[in-house]
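Each chain, letter by letter, is given below.
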Amino acid sequence: MKNIHIGKRNAFYQQLQGLKDNRTKRLRQGAFFVEGVRNINQAIAADWNIRSLIYTEGERSDWAGNILASVRTEVNYQLTRELMAELSGKEDVSELMAVVEMKKPWNRPDAETGTGTGQQAAEDPLLVLFDRPGNKGNLGTILRTCDALGADGLILTGHGVDPYDPEVLQASMGSFFRVPLWQAKSNEELDAFLGKLRKKYPALQLVGTTSHREKPVYRQSLTGPVVILLGNETQGLSHRYREMADVLCSIPMAETSSASSLNVGCAASILLYEAARQRGV
């Protein structure tokens, strides 16, 4: 492992900045920028490959010192305090940041087991499909909720926000590294995955969500193999997914409420809590 000192906005610095700010550059390099104690800890604990650590001169905490001493990397970067603050973009500048390698293939749900690749097979898998996520905070929140309430994986479809964006990672509070995640490249790829899943689990239910008054979610059994379908924040569940759904469920709201629907992150939390409650998690 080698250390490179960066004292100006040179090519090395621009490469790090690109990983933070540019989706295309992240995909091209197969790596992404990670900031925050919880995110870095979870990336290490979940055995993601840390390509580089980024730090500055001077005193550092025992936590940062231990990671610099124990985590094997290809190359580390030492930045000046000014460049570290600029790269961080946070008021309370991080003392340690990281470049983490994307997993190939993605840490995706496995149609043969219904769980994330490498995880123990689920008897009754619970998966979430989020179509065309349009808000980074919502995607991060849903990842965190999947982790907290025992979902076996999250599937992303359509063109939406980049799950490797630093704002998504920050909102997930480390859960990004714990939840099997897969982005279906096409409708055909998704259909093939769901077909294999149905073959493995004949009782599989695709449970669509809607703000219209359909079957209350608490009256729908979520104890067997289930894929919960979440729609885009603005447009809701598309016609394609409404047609695919075996049942459409809604979250009952107060008769006096002026709200016509819930934020998708809030809705996902309620739906997954109900699934966890029924399953006795």
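Heads up: the structure comes first, above all this text.
Let me sum up the structure you'll find in this document.

Criteria and cut-off values
- Residues numbered from 1 in each chain as written.
- Predicted model: local features only at pLDDT ≥ 70, side-chain atom pairs only at ≥ 80, totals over all residues.
- Heavy atoms only, no water.
- Salt bridge = Lys/Arg side-chain N within 4 Å of Asp/Glu carboxyl O.
- Helix = DSSP H or I, 4+ residues; strand = E, 2+ residues; numbered from the N terminus.
- Buried < 20%, exposed > 50% of the residue type's maximum accessible area, 1.4 Å probe, protein only.
- Pairing = 2+ DSSP bridges.
- Contact = heavy atoms within 4.5 Å.
- Axes fitted to C-alpha atoms, helices over the stretch in contact; angles between N-to-C directions.

## Points about the pattern of salt bridges
Here comes step 1: Per the stated rule, a full pass over the model turns up 10 salt bridges.
Here comes step 2: When the shortest N-O distance is used, the salt bridge between Arg26 and Asp165 registers 3.8 Å. Separated by 139 residues along the polypeptide, Arg26 in helix α2 (residues 23–29) and Asp165 in the loop between β9 (153–157) and α7 (166–172) bring together distant segments of the chain. Side by side, Arg26 and Asp165 carry an identical accessibility label, which is buried.
Here comes step 3: A salt bridge links Asp191 to Arg240, with the nearest nitrogen and oxygen atoms 2.6 Å apart. Taken together, the residues Asp191 in helix α8 (residues 187–200) and Arg240 in helix α9 (residues 239–244) connect sequence positions 49 residues apart.
Here comes step 4: Because the salt bridges share partners, they merge into one network encompassing Arg26, Lys136, Asp162, Asp165 and Glu167.

## Regarding the sheet that holds strand β10 (residues 181–183)
Here comes step 1: The seven strands are arranged β10-β9-β8-β13-β11-β14-β12 in an open sheet whose pairing can be described as parallel. Where the open sheet ends on each side, the last strands, each with one partner, are β10 and β12 (215–216).
Here comes step 2: Both strand β11 (residues 205–209) and strand β13 (residues 226–230) contribute to a ladder of four bridges, which runs parallel. Following the sheet pairing, Gln205 is matched in β13 by Val226.
Here comes step 3: Packing against the sheet, α8 makes contact with β8 (126–131), β9, β10, β11 and β13, and its axis sits at approximately 135 degrees to β10.

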